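Structural overview
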Amino acid sequence: MYIQVNIGRNIGNVPMQPNPWESFIAAVQDALVNHRGSLDLSNLDDLEMHSGEGTWEDGTIEESLHISGLFGPNYDLDGLRETLKAVRQAYGQEAVALLTESELV
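Overview of the structure. What you see is a predicted model, and the numbers here were worked out from it, not measured in a lab. All residue numbers refer to positions counted from 1 along the written sequence of the respective chain. Only residues with pLDDT of at least 70 get local features here, since the model is predicted, and only at 80 or more are side-chain atom pairs given and counted; chain-wide, interface and lining totals rely on the full set of residues. With hydrogens and water stripped out, all remaining heavy atoms of the structure feed into the side-chain values.

Consecutive side chains of a regular strand alternate in pointing toward one face of the sheet and then the other. Any two strands between which DSSP finds at least two bridges are classified as paired. Counting from the N terminus, the helices are DSSP H or I runs at least four residues long and the strands are E runs at least two residues long. Across seven bridges, strand S1 (residues 2-8) lies against strand S5 (residues 61-70) in antiparallel orientation. Looking at the pairing, Val5 lines up with Ile67 of S5. In this sheet, S5 lies alongside strand S4 (residues 48-55) in antiparallel orientation, the contact comprising eight bridges. Within S5, the position partnered with Glu48 by the bridge is Ser68. Linking S4 to S5, which pair antiparallel, is a turn of five residues; within it Gly59 sits at a positive phi near 95°.

Given below as structure tokens:
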């Protein structure tokens, strides 16, 4: 199963300092790996990260990152959702995007 989590660096209109931003990224990576099925041997090294930058309607620029990986069929998506909610709150985020089961053609 393909899973991708998209996060942004800003809290309101202000970017997180480097240490909290790195901790936020690590918390999302850990969440992705910790909810894999018992037979899934994926680990942090199997995750891909892609960074970018976007501009909100009001002109605010925000650095963003998506973290993705392929996981086995027994992945605990409900557990991941709950963990991501807690991580989102801990890092002062409005939202974290979770994308799953994309179709590749």
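That was the structure; now back to the text.
What counts as an axis is a line fitted to C-alpha atoms, over the stretch in contact for a helix, and the angles between N-to-C directions run from 0 to 180 degrees. Contact geometry for helix H1 (residues 18-34) and helix H2 (residues 77-90): axes closest at 10 Å, N-to-C directions at 170°. On the basis of the axis angle, H1 is roughly antiparallel to H2. Residues Phe24, Ala27, Val28, Ala31 and Leu32 of H1 touch H2, and the partners they reach there are Leu80, Thr83, Leu84 and Val87. Angles below 35 degrees are treated as roughly parallel, those above 145 as roughly antiparallel, those between 65 and 115 as roughly perpendicular, and all remaining angles as oblique. Two residues form a contact once any of their heavy atoms are found within 4.5 Å.

This part covers H2. Helices are assigned an expected span. That span is 1.5 Å times one less than the residue count. Over its 14 residues, H2 runs 20 Å from end to end, which matches the ideal 20 Å to within 8%, given 1.5 Å per residue. All of the buried residues in H2 are Leu77, Gly79, Leu80, Leu84 and Val87. For H2, the arc enclosing every buried residue in end-on projection is 145°, short of the 170-degree limit, so these residues lie on one face. Facing away from the buried side of H2 by over 90 degrees, the exposed positions are Asp78 and Gln89. Of the residues one or two after H2, Gly92 is the one with positive phi, at around 65°. Each residue's exposure class comes from its accessible area (1.4 Å probe, protein chains only) as a fraction of the maximum for that residue type: buried when under 20%, exposed when over 50%, partly exposed otherwise. Each direction from the helix axis to a C-beta atom contributes to the arc, which is the arc of those directions.

Let us now look at the sheet that holds S4. By way of backbone hydrogen bonds, the strands of a sheet pair with one another, either parallel or antiparallel. The strand order across the open sheet built from four strands is S4-S5-S1-S6, with neighbouring strands paired in antiparallel fashion. The open sheet has two edge strands with one neighbour each: S4 and strand S6 (97-100). Neighbouring strand axes in the sheet, compared pairwise and without regard to direction, differ in orientation by 20° on average. Of the strands in this sheet, S1, S4 and S5 touch H1, which is tilted by about 160° from S1.

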